[in-house]
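Spelled out from the first residue to the last, the chains are:
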Amino acid sequence: MTDLAIAANGLRKSYRDKDGDKVVLDGIDLAVPEGTIFSLLGPNGAGKTTTVQILSTLIRADGGQVQIAGYDLNRQADDVRGMIGVTGQYSAVDKLLTGEENLLLMADLKHLPKRTGRQKAKELLERFDLVDAAGRPAATYSGGMQRRLDLAMTLVGDPRLIFLDEPTTGLDPRSRRTMWGIVRELVAGGVTIFLTTQYLEEADELADRIALLDHGRLIAEGTAEELKRLIPGGHVLLKFADPGRLDAARLVLGLGTPDPEALTLQVPSDGSVRVIRQVLAVLDEHSIEIDEMSMHTPDLDDVFLTLTGQNGDQDKEPVR
Amino acid sequence: MSTLTLALRDSATMVRRQLKRLLRYPSMTVQLVVTPVIILVLFVYVFGGTLGAGLGGGRDVYVDYVVPGILLMAAATAATGTAVMVATDMTEGIIARFRTMRISRASVLTGHVVGSVIQQLLGMAVVIGVALAIGFRPNATPVEWLAATGLLTLLVVAVTWLAVALGMKSPTPEAASNAPMPLVFLPFLGSGFVPTDSMPAVLRWFAEYQPFTPIMETVRGLLLGTPIGNSAAIATAWCTGIATASYLWAKHTFDKA
């Protein structure tokens, strides 16, 4: 049996505001094995940051049991803090201090011996490509540099479990790829990563397991492949020159959803060559000419939109 | 390592952080020193002749009278700076980072307080230097200087913890700059700029019982030899009380948030 870095059961949190209690997390269960990347995926306001804040001891849950690396989150908060590193959505660097000073500050707070601390700071500056900027105040850094410094600070003291709350939000594509590379390296070193993101592509690229969070509930969980299989999103889109051909095609194929205005026919497919060949063969047999053809394979976008859409409808039904 | 050693070590780290920040952002310190110096010069040269006449002397008499009030005003002005600094810090992600680390929680606040106290004592030294240059003539013995410094330090510690608590309670740095504002006016509504017996009854009652008056009277007594009476005891009690209450308030706020 693999040890779990995070084991959460029935995590709940609500906030009180002027409209009464607002439920942010409505019973979340999580099981994240050590040495894996787990991604919590959801739109803004789904409760991702709240989840990270609870798991990283920043705020307390209203209910539920959580164990982080075997420590109880409430009763052994300090032991949990000793195990984790957090890089939040907003850069957690001291902007008045230089990059190097920020890292040395972390080394001091991790109670590393002076020399070890210096060594570690030097290593991290090199690894995160910040050597040239080491002597400048962090306020002068670009967004990507601040994010790198932020993550470097999290790594001082070698945490075994790292929370990355939307680590690439607001970064340009290149910085995002750099960040992904760093995350992969970390996991290769045996670190567990808990990643929240609103980018499906990011979860698809990095995560071993993905959980979809919407309105404070997990609506699906699994590997990217498993999630994609959840929905029938794959199809071939055929475009015709006139309505006559469209109707004829629908008739001979015996399936598909026609769109008379766009003159297209959407034929379900699993994306295999066999199905496409069949479709083309049948149309060819009846001499029905196709203007354009395009393939659509399901991606996490489809999964996400389909599942959150369904959930939205359910929410509209009166529950109370 | 024991909890206490860790707490001290973390606090020392945080103090170093805060001192570096103050050095990196000197305009705040400069402003905190310049404001009371301007007020001092303004009161001595613009109002000093007339106000000094009211005290039975001239400008030279008024310089001596007004310095303790200016020193308290300096502390109050600095409190504004501290509150803004804390509020800004709290909105930055770095504090959230500290909270998720296995460190002594109070150390974050201790760093702010010790840093600000050092900053303010230096500021007060500058104010006294300028005062001496424009005619302030204290007749204190070294022991009296030491006692005055001790009381002012206690005051600064109290005001700083209060500023830290106010800074943390403020939703924004802008709000934080307003919160300690009343403190800046307390020297005016006390014996800082004119003797309280020249004020109308209600105001005089407030002036005599508010915390800054006994502190100013004690400092004045120590530096210039005016009667102190029971002011010293009341001043110490006020400072200790404000410091303790503010410390608990600040710590509670930090732990809860």
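What you see is a predicted model, and the numbers here were worked out from it, not measured in a lab. (Residues numbered from 1 in each chain as written. Chains lettered and ligands numbered in written order. Predicted model: local features only at pLDDT ≥ 70, side-chain atom pairs only at ≥ 80, totals over all residues. Heavy atoms only, no water.)

Draft legend 1. Inspection of the sheet that holds strand β2 (residues 20–33) of chain A at higher detail. Residues and elements named next belong to chain A. Read from one edge of the open sheet, four strands run β2-β1-β4-β5, paired in antiparallel fashion. Pairing within the sheet leaves two strands with one partner each, and these edge strands are β2 and β5 (71–72). Strand direction decides the pairing type here: strand β4 (residues 63–68) and β5, joined by two bridges, are antiparallel. Pairing of glutamine 67 across the sheet is with aspartate 72, part of β5. Lying over the sheet, helix α1 (residues 48–55) contacts β1 (4–17), β2 and β4, oriented at roughly 115° with respect to β1. (Pairing = 2+ DSSP bridges. Helix = DSSP H or I, 4+ residues; strand = E, 2+ residues; numbered from the N terminus. Contact = heavy atoms within 4.5 Å. Axes fitted to C-alpha atoms, helices over the stretch in contact; angles between N-to-C directions.)

Draft legend 2. A look at the sheet that holds strand β13 (residues 264–268) of chain A. Residues and elements named next belong to chain A. The sheet built from four strands is open, its strands ordered β12-β13-β11-β14 with antiparallel pairing. The two strands at the open ends of the sheet, each matched to only one other strand, are β12 (257–259) and β14 (292–296). Adjacent strand axes in the sheet meet at a mean angle of 20°, parallel and antiparallel pairs treated alike. The sheet contact formed by strand β11 (residues 235–239) and β13 spans five bridges and is antiparallel. Paired with lysine 239 across the bridge in β13 is threonine 264. The sheet contacts of helix α9 (residues 243–253) involve β11, β12 and β13, and relative to β13 the element is tilted by about 20°.

Draft legend 3. Representation of the pairing of strand β6 (residues 84–87) of chain A in the model. All names here are of chain A. Side chains Ile84 and Val86 project from β6 onto one buried face, and the interleaved Gly85 and Thr87 project onto a second face that is buried too. Pairing between β6 and strand β7 (residues 161–165): four bridges, direction parallel. The partner of isoleucine 84 across the bridge, within β7, is leucine 161. (Buried < 20%, exposed > 50% of the residue type's maximum accessible area, 1.4 Å probe, protein only.)

Draft legend 4. Structural view of the environment of A:Gly64. All names here are of chain A. Considering the arrangement of structural elements, one finds glycine 64 in strand β4. Separated by 35 residues in sequence, glycine 64 and aspartate 29 place their C-alpha atoms 8.9 Å apart. Residues in contact with glycine 64, not counting those within four places in the same chain, are Asn9, Gly10 and Leu11.

Draft legend 5. Structural detail: the interface of chain B and chain A. In this complex, chain B contributes 25 residues to the contact, which on the side of chain A involves 33 residues. Across the chain B/chain A interface, buried area totals approximately 2400 Å², and carbon plus sulfur atoms make up 58% of it. Interface area lost by chain B to chain A is led by B:Arg97, B:Thr100 and B:Arg102, which between them contribute 30%. At the junction of chain B with chain A, the criterion picks out seven salt bridges. For the pair chain B and chain A, the interface holds 13 residue pairs in polar contact (both at pLDDT 80 or more). Within the residue set of the side of chain B that touches chain A, elements represented by two or more residues are α1 (3–24) and α4 (93–99) of chain B. At 10 residues, α1(B) tops the list of elements feeding residues into the side of chain B that touches chain A. Across the side of chain B that touches chain A, the residue classes break down as 10 nonpolar, three polar and 12 charged. (Buried area = accessible area lost by both parts, 1.4 Å probe. Salt bridge = Lys/Arg side-chain N within 4 Å of Asp/Glu carboxyl O. Polar contact = N/O pair within 3.5 Å; in protein donor to acceptor, adjacent residues only side chain to side chain. Nonpolar A, V, L, I, M, F, W, Y, C, P; charged D, E, K, R; others polar.)

Draft legend 6. Main features of the side chain of A:Gln146. Residue and element names in this part refer to chain A. Along the chain, the position of glutamine 146 falls in helix α5 (residues 143–155). Judged by its relative accessible area of 11%, glutamine 146 falls in the buried class. Contact partners of glutamine 146, with chain neighbours within four places excluded, come to Ser91, Val93, Lys95, Ala138, Ala139 and Tyr141.

Draft legend 7. Just the layout of surface pockets, in detail. Approximately 930 Å³ is the volume attributed to the largest pocket. If you list the elements that add at least two residues to the lining of the largest pocket, you get α1 of chain A together with α3 (59–91), α4, α6 (142–169) and α11 (231–256) of chain B. Its residues placed into classes, the lining of the largest pocket shows 16 nonpolar, 15 polar and seven charged. (1 Å grid on protein atoms, 1.4 Å probe; cavity = no way out; pocket = protein on both sides within 12 Å on 5 of 7 lines; lining within 4 Å. Points joined across faces, edges and corners; volume = space filled by probe spheres on them.)

Draft legend 8. Just the UniProt feature "transmembrane region" (unreviewed entry) in chain B, in detail. Residue and element names in this part refer to chain B. Within the UniProt annotation, "transmembrane region" (unreviewed entry) is assigned to residues 22–45, 65–87, 108–133, 145–164, 184–207 and 227–250. With 100% helix and 0% strand, residues 65–87 has its two end C-alpha atoms placed 35 Å apart. Helix makes up 83% of residues 227–250 and strand 0%, whereas the separation of the span's terminal C-alpha atoms amounts to 36 Å. (UniProt positions renumbered as here; feature names shortened; annotations may be inferred.)

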